[in-house]
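Coordinate analysis (summary)
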Amino acid sequence: QVQLVESGGGLVQAGGSLRLSCAASGRTFSYGMGWFRQAPGKEREFVAYIRWGAGSTTYYANSVKGRFTISRDNAKNTVYLQMNSLKPEDTAVYYCAARWGADIATTTSEYSYWGQGTQVTVSS
């Protein structure tokens, strides 16, 4: 079992930055970790992925590539999402998720464990 707790959301002006954290407990070595987001009235969408454990494979949605960076701290069992050059369209509830295996996964159905979400609001 894996438990995930997100933090770091808030209100920021366009062009600003935020760093989200996802603290994981339980056995995480064999898991891939992803960040998703869901805006009001929209479906939850993929943002970024990182493989947990050896290696540092990452993958990003085109909409955030070059602005967001996913990373991990193995010692702290924590995954981060550094978000720079934020835009109003980045406003959403952000979720971290974990899945068995290390293959890149971009759909919600591929993930077994989810955090409770953290709100990010970008004002224009």
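Scroll up for the structure.
Predicted model only: the values in this text are computed from it and were never measured.

Description of the overall build of the protein chain
Looking only at helices and strands, the protein chain has zero helices and eleven strands in total. What you see in the protein chain, going N to C, is helices and strands ordered as β-β-β-β-β-β-β-β-β-β-β. Against the globule reference of 14 Å for 124 residues, the protein chain gives a C-alpha radius of gyration of 13 Å, in line with a compact fold. In terms of overall dimensions, the protein chain has a C-alpha envelope of 40 × 30 × 25 Å along the principal axes. Residues classed as buried in the protein chain amount to 43% of the 124 residues present.

Overview of the environment of alanine 75
Tracing the backbone shows alanine 75 in the loop between β7 (68-73) and β8 (78-83). On the accessibility criterion, alanine 75 (79% relative accessible area) is exposed. Each C-alpha atom, one on alanine 75 and one on serine 7, is 18 Å from the other, the two residues being 68 residues apart in sequence.

Topic: the nonpolar core
With 36 residues, the main nonpolar core has Leu4, Trp35, Leu81, Met83 and Tyr94 as its most contacted residues. Put simply, the parts of the chain that give this core at least two residues each are β1 (2-7), β3 (18-26), β4 (31-38), β5 (45-51), β7, β8, β9 (92-100) and β11 (118-123).

Some details on the pattern of salt bridges
Tallied over the entire structure, the rule returns three salt bridges. Residue glutamate 45 is joined to arginine 37 by a salt bridge in which the shortest nitrogen-to-oxygen separation is 2.6 Å. Taking the relative accessible area as the measure of exposure, glutamate 45 reaches 35% and is therefore partly exposed. Classification of arginine 37 by relative accessible area gives buried; the value is 6%. One continuous salt-bridge network, built from bridges that share partners, spans Arg37, Glu45, Arg67 and Asp90.

Section: the state of the cysteines
Overall, the coordinates contain one disulfide when judged by the stated rule. There is a disulfide in this structure between cysteine 22 and cysteine 96, and the S-S distance comes to 2.0 Å. Judged by the torsion about the S-S bond (55°), the cysteine 22/cysteine 96 disulfide is right-handed. Here cysteine 22 is found in strand β3, whereas its partner cysteine 96 is found in strand β9, with 74 residues between them in sequence. Both residues of the pair, cysteine 22 and cysteine 96, count as buried.

Reading the values: rules and limits
- Residues numbered from 1 in each chain as written.
- Predicted model: local features only at pLDDT ≥ 70, side-chain atom pairs only at ≥ 80, totals over all residues.
- Heavy atoms only, no water.
- Helix = DSSP H or I, 4+ residues; strand = E, 2+ residues; numbered from the N terminus.
- Rg over C-alpha atoms; globule rule 2.2 N^0.38 Å.
- Buried < 20%, exposed > 50% of the residue type's maximum accessible area, 1.4 Å probe, protein only.
- Core = buried A, V, L, I, M, F, W, Y, C linked by side-chain atoms within 4.5 Å.
- Salt bridge = Lys/Arg side-chain N within 4 Å of Asp/Glu carboxyl O.
- Disulfide = S-S within 2.5 Å.

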